[in-house]
Amino acid sequence: MTLKRAGLAAIMLAGALVKVSVSLAAEFTADETAAILLHGPWPPAFQTDSTNRVSGKRAAIRFGETLFRDPRLSADGSMACSDCHRPDLAFSDGLPTPAGKAEMTRNTPATTNLAGRRWFGWDGASDSLWAASIRPVLNGAEMNNTAESVAATIRENPDLRDGYRRSFGVLPEQVAADRLLADIGKTLAAWQETQATPRTAFDDFRDALAAGDTVAMADYFEPAQRGLKLFVGKGRCALCHYGPAFSNGEFADVTVPFFIPGGVDKGRYGGIRALRDNPFSRTGLYSDDPSPSAQRQTRQVRLLHRNFGEFRVPSLRSIAQTAPYMHDGSLARLEDVIGHYSELDESRLHVDGERILRPLNLTADEKADLLAFLRTL
């Protein structure tokens, strides 16, 4: 062996020894490793919505972005979607509940990472992103508009008229008001589908774990490593917050009170009933995919008593930017959310509901580690 080759071999051996000698702040079991790997890769492959014929279309995406920021979609021209979905707050608004035209009782959800989701809204009253985008336009406490007025606005403003023509290939005068409203929802959805949160320190760690690269894994903040172990282990958080978006997309009762002024918020129970009455759904006239496969998820939903007081499991990506938390915005800080699950009152759970929740009884150090992990998302 030449001197040059011997030197190179020594360098390679030293590098291998350094890699082997790296120790992590948390050691993960095979089950924990498998659970961590399920939270990626990120970003996921883009999925178009078959019920929206302009999903993924460039002209519709551009028009949808314009409409998202345009107050002309509201009845009095005073409110745009972007007023409540602020880019600097991960497209939430930083308030417990929105400052609408009337009292509102639900926290503003972030409008990121929505492509491919099954249900929309805290109660799942919409089964597509385009239907969910129509709801605030018609809601009297928000944009307070009507299909006829929206249609008139699109037809009478040259820039909006042209944006619609470029997106759908026809003039808005050729389309009935209700169908035109559905199309406006579809352009809004086409743009929102493109809004995915960026990669994070967790994603780098997850990919390094998948590759067996312990050197790269060691770059992950040590308290976050321990918090991740709690998240997929003792904390049982990954039972509901799993997958690349850190959400199963379904609904749960997590003991947050659902009493509101004048009554109760029925949550998923009310959402299912509203979905059945909604003409803008995957099973309705305005869906662009009438196939059984596109309608199956909606037709298979069953109204159950346990749905009362259940709310959608939110994504945890960009969670540090979307305070306050829970469906009613009742928990101001991430520390409060961790405390809620640590000292959970099981007596508040439905007797016929899922029994996967229990008090975590976390120590102060464990709470700090879990918080550190969540902040890396």
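Because the structure is a prediction, the values reported are computed rather than measured.

Rules used throughout
Residues numbered from 1 in each chain as written. Predicted model: local features only at pLDDT ≥ 70, side-chain atom pairs only at ≥ 80, totals over all residues. Heavy atoms only, no water. Salt bridge = Lys/Arg side-chain N within 4 Å of Asp/Glu carboxyl O. Helix = DSSP H or I, 4+ residues; strand = E, 2+ residues; numbered from the N terminus. Buried < 20%, exposed > 50% of the residue type's maximum accessible area, 1.4 Å probe, protein only. Phe/Tyr/Trp six-rings, centres within 6.5 Å; stacked < 30°, edge-to-face > 60°. Axes fitted to C-alpha atoms, helices over the stretch in contact; angles between N-to-C directions. Parallel < 35°, antiparallel > 145°, perpendicular 65-115°, else oblique. Left-handed = near helix turned anticlockwise from the far one by under 90°. Contact = heavy atoms within 4.5 Å. Nonpolar A, V, L, I, M, F, W, Y, C, P; charged D, E, K, R; others polar. Patch = residues over 30% accessible without salt bridge, like charges linked within 9 Å, V, L, I, M, F, W, Y side chains within 5 Å. Areas by Shrake-Rupley, 256 points an atom, 1.4 Å probe, with all protein chains shown as cover. Lys, Arg positive; Asp, Glu negative; His and termini not counted. Charge placed at Lys NZ, Arg CZ, Asp CG, Glu CD.

Peer 1: Looking at this structure, how should I read the pattern of salt bridges?
Peer 2: Within this structure, the stated rule accounts for 26 salt bridges. Of the charged contacts in the structure, one is a salt bridge between arginine 317 and aspartate 203, with a shortest N-O distance of 2.8 Å. You can see arginine 317 sitting in the loop between strand S4 (311-312) and helix H14 (334-342) and its partner aspartate 203 sitting in helix H9 (residues 201-211), a full 114 residues away along the chain. A relative accessible area of 1% means that aspartate 203 is categorised as buried.

Peer 1: Help me understand the packing of aromatic side chains, please; the structure alone is not making it clear to me.
Peer 2: For any pair of aromatic rings, the description rests on two quantities: the centre-to-centre distance and the angle between the ring planes. Applying the stated rule across the entire model yields 15 aromatic pairs. Ring centres 4.8 Å apart and planes at 50 degrees place the aromatic pair phenylalanine 68 and tryptophan 191 in the tilted group. With phenylalanine 68 in helix H3 (residues 58-68) and tryptophan 191 in helix H8 (residues 177-192), this pair connects stretches of sequence that are 123 residues apart. Considering the side-chain rings of phenylalanine 258 and phenylalanine 259, the 5.7 Å spacing of their centres and the 20 degrees angle between planes classify their relative orientation as stacked. Judged by relative accessible area, which is 64%, phenylalanine 259 ranks as exposed.

Peer 1: I would appreciate a short explanation of the packing of H14 against helix H15 (residues 364-375) in the present structure.
Peer 2: The angle between the axes and the distance between the axes are what describe a pair of packed helices. It is at 10 Å that the axes of H14 and H15 come closest, and there the two elements cross at 130 degrees. Taken as axis vectors, H14 and H15 run oblique relative to one another. You can see that H14 and H15 cross each other, and the crossing is right-handed. Along the contact surface, H14 presents Leu334, Glu335, Ile338 and Ser342, while H15 presents Lys367, Leu370, Leu371, Leu374 and Arg375. Grouping the constituent residues of the contact of H14 with H15 by class yields five nonpolar, one polar and three charged.

Peer 1: Quick question: what am I supposed to make of a positive patch on the surface here?
Peer 2: A surface patch of like charges, here positive, comprises Lys266, Arg273, Arg276 and Arg302. Looking at the element boundaries, arginine 273 is found in helix H12 (residues 268-277). Take arginine 273: its relative accessible area is 43%, and that puts it in the partly exposed class.

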